[in-house]
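# An overview of the molecular structure
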Amino acid sequence: MSNIHLLNTRKSQSSEIDSILRNLMSIQGVSAAAIIDNDGFVTHIHRDSEVNTDAIGASVQVVFGAAARSAAHVGHHGTNMVICENTEGYILSTPIDAGFILALVTQRDALLGRVRFELKETIPVLKKLFSSYLAN
Amino acid sequence: MLQNTKSDYQIAQQQILEGIVSGEFEIENRKDLGPLIPIRLFQALRMVALGSNVEDILGQGAPSLVYHSGQSLGLAMGKIAAANIDKDLETYVGKIKMLCRQLSIGLVVPDRVDLNAGVLELRVDECVSCAGIHNVSAPICHFEAGMVGGIVKTFFNRNVKATETKCNALGDKTCLIRVDLM
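Residues numbered from 1 in each chain as written. Chains lettered and ligands numbered in written order. Predicted model: local features only at pLDDT ≥ 70, side-chain atom pairs only at ≥ 80, totals over all residues. Heavy atoms only, no water.

### Some points on the overall build of chain B
For chain B, the helix and strand inventory stands at five helices and four strands. Mapped in sequence order, the helices and strands of chain B form the string α-α-α-α-β-β-α-β-β. Its C-alpha atoms give chain B a radius of gyration of 17 Å, within 12% of the compact-globule value 16 Å for 182 residues. Out of the 182 residues in chain B, the part that is buried amounts to 41%. As displayed, chain B offers around 10500 Å² of accessible surface, 55% of which is attributable to carbon and sulfur atoms. Positive and negative side-chain charges of chain B, numbering 18 and 20 respectively, have mean locations separated by a distance of 3 Å. (Helix = DSSP H or I, 4+ residues; strand = E, 2+ residues; numbered from the N terminus. Rg over C-alpha atoms; globule rule 2.2 N^0.38 Å. Buried < 20%, exposed > 50% of the residue type's maximum accessible area, 1.4 Å probe, protein only. Areas by Shrake-Rupley, 256 points an atom, 1.4 Å probe, with all protein chains shown as cover. Lys, Arg positive; Asp, Glu negative; His and termini not counted. Charge placed at Lys NZ, Arg CZ, Asp CG, Glu CD.)

Next comes the structure, spelled out in structure tokens:
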């Protein structure tokens, strides 16, 4: 059976996702919030400044995949979040469903614990939305 | 501080793409063996080096990398095809078809073009990546999907999402790539 998942971003429900991303953007220090599909394509994004969406989408998937693989090598299964700490801030990525990932980019002054908490609170909501999209 | 020097892979990439642009298929240091290779060698590079091996390291990130690689080639091919055609879609598609045939990537056939709906579907018959491969559980030509996405993106100058919806390796006899204009 094929595992193709076409997410129709023109659907009106798409605004619910946009609303969720907008809320995440209101957290202190968050400069971009994006949803990335299993091919590394950015399906939804809110950001403060211009971002190369093709490159960031593929990179987030690659980094998440590599981190999950390295975790599996030490017997850790089920990667829930990957945090990339940079001089200028953080990139946090979390799986949603069917290979989709929610990624947040922050500036250095972001409170990591707060961002992480909000991300964890958001995922169940997104999972529910995606399960209904993907079922249709 | 950002370095502005090219990596060795980027240098090689530039030379390969320049070779494609020139249309010159003869190649130095291959006096006896010539410019062509068996398709199985290409498939080994595509499905092993850029497939199962990458999957071993990147897991679910592998298709993204392969798609992105294909898109880079598609963007380069698009630039070649878009030169001096005055934005004429038919001419553009004709040049892409010819380029894909010359490079033995496959026989590209537009199956559906609905610009009002923002959807294009292109068939890739005799696809170089999956010819002779059977019994897979999902489409495997992420490289070709990315390539077609890059080609369409170049022409329309818009973000696109390309998805392989039929694959010869699934028993579909052709590869069908749907491109949604965003």
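That covers the picture; the talk isn't over yet.
### Section: the sheet that holds strand S3 (residues 160–166) of chain B
Residue and element names in this part refer to chain B. Taken together, four strands build an open sheet; the order of strands is S1-S2-S4-S3 and the sheet is antiparallel. Of all the strands in the sheet, just strand S1 (107–114) and S3 have a single pairing partner and so form its edges. Within this sheet the neighbouring strands show an average axis-to-axis angle of 20 degrees, counted without direction. Pairing between strand S2 (residues 119–125) and strand S4 (residues 175–181): six bridges, direction antiparallel. Bridge assignment links Val124 to a residue of S4, and that residue is Cys175. (Pairing = 2+ DSSP bridges. Axes fitted to C-alpha atoms, helices over the stretch in contact; angles between N-to-C directions.)

### Section: the pairing of S4(B)
Residue and element names in this part refer to chain B. For S4, the tally of buried residues reaches six of seven residues, placing the bulk of the element in the interior. Strand direction decides the pairing type here: S3 and S4, joined by six bridges, are antiparallel. If you follow Thr163 over to S4, its bridge partner there is Arg178.

### Brief notes about the environment of Val128(B)
Residue and element names in this part refer to chain B. Along the chain, the position of Val128 falls in the loop between S2 and helix H5 (142–156). Taking the relative accessible area as the measure of exposure, Val128 reaches 10% and is therefore buried. Remark: the alpha-carbon pair of Val128 and Arg112, spanning 16 residues in sequence, is separated by 22 Å. For Val128, the residues in contact, after removing those within four places along its chain, are Ile39, Phe42, Gln43, Ser104, Ile105 and Glu144. (Contact = heavy atoms within 4.5 Å.)

### Details of the environment of Ala49(B)
Residues and elements named next belong to chain B. Mapping Ala49 onto the fold places it in helix H2 (residues 39–58). We classify Ala49 as partly exposed; its relative accessible area is 39%. Excluding residues within four positions of it along the chain, Ala49 makes contact with Ala44 and Val54.

### What about the UniProt feature "domain: Roadblock/LAMTOR2" (unreviewed entry) in chain A?
Look at the UniProt record and you will see "domain: Roadblock/LAMTOR2" (unreviewed entry) annotated at residues 17–106 of chain A. Annotated as 33% helix and 34% strand, the span residues 17–106 of chain A places its first and last C-alpha atoms 19 Å apart. (UniProt positions renumbered as here; feature names shortened; annotations may be inferred.)

### Focus on the pattern of salt bridges
Under the criterion given, the structure shown has 10 salt bridges over all chains. A salt bridge links Asp125(B) to Arg123(B), with the nearest nitrogen and oxygen atoms 2.9 Å apart. Residue classification places Arg123(B) among the partly exposed residues on the basis of a relative accessible area of 23%. Put simply, Asp37(A), Asp39(A) and Lys161(B) are held in one network by salt bridges that share partners. (Salt bridge = Lys/Arg side-chain N within 4 Å of Asp/Glu carboxyl O.)

### Let's talk about the UniProt feature "domain: 4-vinyl reductase 4VR" (unreviewed entry) in chain B
Per the UniProt record, "domain: 4-vinyl reductase 4VR" (unreviewed entry) is annotated on residues 119–181 of chain B. As annotated, residues 119–181 of chain B has a helix share of 24% and a strand share of 33%, and its two end C-alpha atoms lie 6 Å apart.

### Focus on a nonpolar patch on the surface
Residues and elements named next belong to chain B. Taken together, the side chains of Ile37, Leu41 and Leu45 define a hydrophobic patch exposed on the protein surface, amounting to about 270 Å² of accessible area. Mapping Leu41 onto the fold places it in helix H2. Overall, Leu41 belongs to the partly exposed group, its relative accessible area being 44%. (Patch = residues over 30% accessible without salt bridge, like charges linked within 9 Å, V, L, I, M, F, W, Y side chains within 5 Å.)

### Observations concerning the interface of chain A and chain B
Opposite the 24 residues of chain A that make contact, chain B presents 31 residues. Regarding the contact of chain A and chain B, the summed buried area is about 2000 Å², with carbon and sulfur atoms giving 53% of it. Viewed at the interface, chain B and chain A are joined by three salt bridges. Linking chain A with chain B are seven residue pairs in polar contact (both at pLDDT 80 or more). Among the elements that line the side of chain A that touches chain B, the one with the most residues is helix H2 (residues 53–73) of chain A, at 10 residues. Class assignment of the residues belonging to the side of chain A that touches chain B gives a composition of 10 nonpolar, nine polar and five charged. (Buried area = accessible area lost by both parts, 1.4 Å probe. Polar contact = N/O pair within 3.5 Å; in protein donor to acceptor, adjacent residues only side chain to side chain. Nonpolar A, V, L, I, M, F, W, Y, C, P; charged D, E, K, R; others polar.)

### Remarks on the pairing of strand S2 (residues 42–47) of chain A
Residue and element names in this part refer to chain A. Judged from the five bridges that link them, strand S1 (residues 30–36) and S2 form a sheet pairing that is antiparallel. Bridging from a neighbouring strand, Ala33 pairs with His46 of S2. Counted along the chain from S1 to the antiparallel partner S2, the turn is five residues long, and its residue Gly40 has a positive phi close to 85 degrees.

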